[in-house]
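What follows is each chain in one-letter form.
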Amino acid sequence: MLDRLKIGVLGAGNIGEALISGLVKASLVEAKQLMASRRSEVALAYLADTYGIRTTTDNCELVLENDIIILAAKPQILPSILEDTEHCFRPGQVVITVAAGISTAFVESWVKNDIPVIRVMPNTPALVGQAMSPYCLGRHGSAVQALVAAQIFSAVGVTTQVEEEMLDAITALSGSGPAYFFYLLEGLIEAGVSMGLPEHLSRALVRQTCYGAAKLVVETTRTPQQLRAQVTSPQGTTHAAISFLEQASTKELIKQAVLKAKERAHELGAGVPKPHLD
Ligand SMILES: NC(=O)c1ccc[n+]([C@@H]2O[C@H](COP(=O)([O-])OP(=O)(O)OC[C@H]3O[C@@H](n4cnc5c(N)ncnc54)[C@H](OP(=O)(O)O)[C@@H]3O)[C@@H](O)[C@H]2O)c1
């Protein structure tokens, strides 16, 4: 399906590079089908050297030269990029946006020409081919475009089609989700050190425990609750720790923290100008 289609990544930073890397590694496209834009010429030279792709500092050139445009710049600057490039889009293209909080309606209002817009919320495990990337179609999207998005994002992990009204919650849960785990791991490493373990040992123990626990969650049919119950014998060591967390209402705190992220995603979307209509 992606044969011969040219794909341009506008704003090729962390997520953009992860996509480029995944597409090249999976041999889903040839390097020459890919193009990246950003302002830093040094960073573009690195992308060209590493992946053999085409690069440009000119966003308009990127839009003109490609069939599928992936908008991967930060949500705060995307409106001004769309304002500068709106005249470069043409019928027949497909636009994919990964910017947190930015609606398909907003992007559609700039690119016009009934160009299908797909909104995707990947996460940073894309860097190791393990992203979760839910996506939704805008007004002009069809099953064909859904397949295009699924193909591109399955190069860096798992995808699933959702309704757009779920995207802010998804942003808060899986988009920001890796950071919550990293935060927990930071606390565990510090706990190891405060109990007298050397830091390198504490890191090694936590890293492998995290990997093993994640594999258990993914590779068994048991729920996290069942897996936890399995290792929590009454009055045992794990029970002592979990009881302490329960007394501090930790689960409730986690729910409230995720809600804060959802509110921020909503604010980012509300902060952009209204859909641009002639
Ligand atoms: N990071 C995540 O976990 C995550 C998860 C899901 C979705 N997202 C979304 O993905 C998008 C990118 O996030 P990221 O973490 O990859 O950010 P990032 O690393 O900062 O990448 C964005 C890139 O945009 C480039 N840029 C800035 N101004 C530009 C301009 N005028 N024209 C072209 N390129 C420009 C920057 O490079 P130069 O400075 O060289 O221009 C930068 O490398 C955001 O919209 C974010 O909401 C991120």
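Here the structure is a predicted model, which is why all the values come from computation and not from measurement. (Residues numbered from 1 in each chain as written. Predicted model: local features only at pLDDT ≥ 70, side-chain atom pairs only at ≥ 80, totals over all residues. Heavy atoms only, no water.)

Undergrad: How do you make sense of the site of the ligand when you look at a structure like this?
TA: Within the structure, the ligand sits among 20 residues, and Ile15, Arg38, Arg39, Ser40 and Ala73 are positioned closest to it. One of the backbone N or O atoms of Asn14 is found 2.9 Å from an oxygen atom in the ligand. Here an oxygen atom of the ligand sits 2.9 Å away from a polar atom, N or O, in the main chain of Ser40. For the ligand, the protein covers 81% of the area, taking 870 Å² as the surface of the free molecule. For the ligand, the cavity whose grid points lie within 2 Å of the majority of its atoms is the second largest pocket. When grouped by side-chain class, the residues that make up the shell around the ligand number 11 nonpolar, six polar and three charged. (Near = heavy atom within 4 Å. Polar contact = N/O pair within 3.5 Å; in protein donor to acceptor, adjacent residues only side chain to side chain. Areas by Shrake-Rupley, 256 points an atom, 1.4 Å probe, with all protein chains shown as cover. 1 Å grid on protein atoms, 1.4 Å probe; cavity = no way out; pocket = protein on both sides within 12 Å on 5 of 7 lines; lining within 4 Å. Sits in = over half its atoms within 2 Å of the grid points. Nonpolar A, V, L, I, M, F, W, Y, C, P; charged D, E, K, R; others polar.)

Undergrad: In this structure, what is going on with the sheet that holds strand E5 (residues 94-97)? I would like to understand it.
TA: In a beta sheet, neighbouring strands pair by backbone hydrogen bonds and run either parallel or antiparallel. Pairing in this open sheet of eight strands is mixed, and the strands run E3-E2-E1-E4-E5-E6-E7-E8 from one edge to the other. Of all strands in the sheet, those with a lone pairing partner are strand E3 (54-56) and strand E8 (157-161), marking the two edges. With direction set aside, neighbouring strand axes in the sheet form an average angle of 20°. Of the pairings in the sheet, the one linking strand E1 (residues 7-10) to strand E2 (residues 34-37) comprises four bridges and is parallel in character. Within E2, the residue paired with Val9 across the bridge is Ala36. (Pairing = 2+ DSSP bridges. Helix = DSSP H or I, 4+ residues; strand = E, 2+ residues; numbered from the N terminus. Axes fitted to C-alpha atoms, helices over the stretch in contact; angles between N-to-C directions.)

Undergrad: Quick question: what am I supposed to make of the environment of Ile53 here?
TA: Mapped onto the secondary structure, Ile53 falls in the loop between helix H2 (41-51) and E3. The class for Ile53 is buried, based on a relative accessible area of 6%. Along the backbone, Ile53 and Ala36 are 17 residues apart, and their C-alpha atoms lie at a distance of 7.4 Å. (Buried < 20%, exposed > 50% of the residue type's maximum accessible area, 1.4 Å probe, protein only.)

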